[in-house]
Amino acid sequence: TVDLSAMVSINGTDVSSGVTYIWEDKSAQPIGLTSNNNTASFVTLAGIDEAKILVTALFENSSVSKTTTITINPPPNLELSVTAPSIVDVGDTVDLSAMVSINGTDVSSGVTYEWEDKSAQSIGLASKDNTAHFVAVAGIDESIVLITASYKGATVSEKVSIAVLSSVQPVEIGALTISGP
C-alpha cells in the first residue's frame, strides 16, 4: 500500500482548515486511488510500473496543483527450496524446512510461510515460520505438503510428496517336505 498526504502552506505556515483537496489518478493504467481529504492511498498491482497522481488544493479563492510520479518496482523473483525426505517409515518424525532466496541470496526476515496438508487423510502437520513436522502414520502411503512463501508482493509455492513405507513383519515359512515314488 502506498500512502500519500498533502498540505497547503502559505509563507511557510501549514494551513490545516478550510482547504479542500481533490485527488486524481492520471496513471496510464488505473491504480485504484482512494482519498479522504488531504490523504490518499493505493495498492500496487503487478504489471503497473508507474503511478501518476494529481492533487489540487482549493483554499479561499486560490488553487494549487501538483503532479507526483511514483515508480513501482516489480515484485522480486523468488526461489523456494524445501528440505524434506522423500521416503520415511511409519512412526518416523518427519521434519521439513523451507527457505526463500532472491538471486541465490537467502531471505531470512519478512517472509510469510504457509504450510498446507494436501494428503488424502490428515497427517497432523504442525508448522511455525519456515519449518514444519508430522509423524508418519500407518494407512497413509503418501504425505503431500504444499508450501507457499510470500515476500514483498511476490509468492512462490512448491508441493512436496513423501512416501510412507509400512513396516513389514517377517513371515516365517514352515519346512516343505516333498515325497515321491
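You'll find the structure just up there.
Reading the values: the criteria
- Residues numbered from 1 in each chain as written.
- Predicted model: local features only at pLDDT ≥ 70, side-chain atom pairs only at ≥ 80, totals over all residues.
- Heavy atoms only, no water.
- Pairing = 2+ DSSP bridges.
- Helix = DSSP H or I, 4+ residues; strand = E, 2+ residues; numbered from the N terminus.
- Axes fitted to C-alpha atoms, helices over the stretch in contact; angles between N-to-C directions.
- 1 Å grid on protein atoms, 1.4 Å probe; cavity = no way out; pocket = protein on both sides within 12 Å on 5 of 7 lines; lining within 4 Å.
- Points joined across faces, edges and corners; volume = space filled by probe spheres on them.
- Nonpolar A, V, L, I, M, F, W, Y, C, P; charged D, E, K, R; others polar.
- Core = buried A, V, L, I, M, F, W, Y, C linked by side-chain atoms within 4.5 Å.
- Buried < 20%, exposed > 50% of the residue type's maximum accessible area, 1.4 Å probe, protein only.
- Salt bridge = Lys/Arg side-chain N within 4 Å of Asp/Glu carboxyl O.

Novice: What exactly am I supposed to notice about the sheet that holds strand S16 (residues 142-151) here?
Specialist: Where strands meet in a sheet, backbone hydrogen bonds hold them as pairs that are either parallel or antiparallel. With mixed pairing, the four strands of this open sheet are ordered in space as S10-S17-S16-S13. Looking along the sheet, the strands with just one partner apiece sit at the ends: strand S10 (87-89) and strand S13 (112-117). The average angle at which neighbouring strand axes cross in this sheet is 30°, direction not considered.

Novice: Quick question: what am I supposed to make of the layout of surface pockets here?
Specialist: Space left empty within the atom packing is revealed by a probe, the size of a water molecule, rolled over the atoms. Put simply, the largest pocket is a space of about 300 Å³. The wall of the largest pocket is formed by 16 residues, among which Thr44, Ile72, Asn73, Pro74 and Pro75 lie closest to the centre. If you add up the space inside the second largest pocket, you get close to 180 Å³. Around the second largest pocket, the lining residues are Ser5, Ala6, Met7, Val8, Ser9, Tyr21, Val55, Thr56, Ala57, Val64, Ser65 and Lys66. Only strand S2 (8-10), strand S7 (50-59) and strand S8 (62-71) provide two or more residues apiece to the lining of the second largest pocket. Among the residues making up the lining of the second largest pocket, the classes are represented as seven nonpolar, four polar and one charged.

Novice: In this structure, what is going on with the sheet that holds strand S1 (residues 2-5)? I would like to understand it.
Specialist: One open sheet holds the three strands; their spatial order is S1-S6-S5, and the pairing between them is antiparallel. Looking at the sheet topology across the chains shown, the edges are occupied by S1 and strand S5 (34-36). Ignoring which end each strand starts from, the neighbouring axes of this sheet average 20° apart. Pairing of S1 with strand S6 (residues 39-42), which is carried by four bridges, proceeds in the antiparallel orientation. Within S6, the position partnered with Val2 by the bridge is Phe42.

Novice: Can you help me understand the nonpolar core in this one?
Specialist: Nonpolar side chains in soluble globular proteins tend to be buried together. With 26 residues, the main nonpolar core has Leu80, Leu96, Val100, Tyr113, Trp115 and Ile147 as its most contacted residues. Elements represented by at least two residues in this core include exactly strand S9 (78-83), strand S11 (93-102), S13, strand S15 (131-135), S16 and strand S17 (154-165). For this core, the element with the most residues is S17, which contributes five residues. In terms of nonpolar packing, the next biggest core, distinct from the first, is built from 19 residues, Val15, Val55, Ala57 and Ile72 among them.

Novice: What should I look at first to understand the side chain of Ser101 in this one?
Specialist: Checked against the element boundaries, Ser101 lands in strand S11. Residue classification places Ser101 among the buried residues on the basis of a relative accessible area of 10%.

Novice: Could you clarify how one ought to interpret the pattern of salt bridges in this entry?
Specialist: As a working rule, side chains carrying opposite charge can pair if their charged atoms are close by. Under the definition given, this model contains two salt bridges. Between Lys26 and Glu24 there is a salt bridge; the shortest N-O distance is 3.3 Å. Lys118 is the partner of Glu116 in a salt bridge, and the nearest nitrogen-oxygen pair spans 3.4 Å. In this structure Lys118 comes out as partly exposed when scored by relative accessible area, which is 41%.

Novice: Sorry, what's going on with the pairing of S8 here?
Specialist: Of the pairings in the sheet, the one linking S7 to S8 comprises ten bridges and is antiparallel in character. Bridge pairing in S8 links Val55 to Lys66. Connecting S7 to the next strand, S8, in antiparallel fashion are two residues, including Glu60 with a positive phi near 50°.

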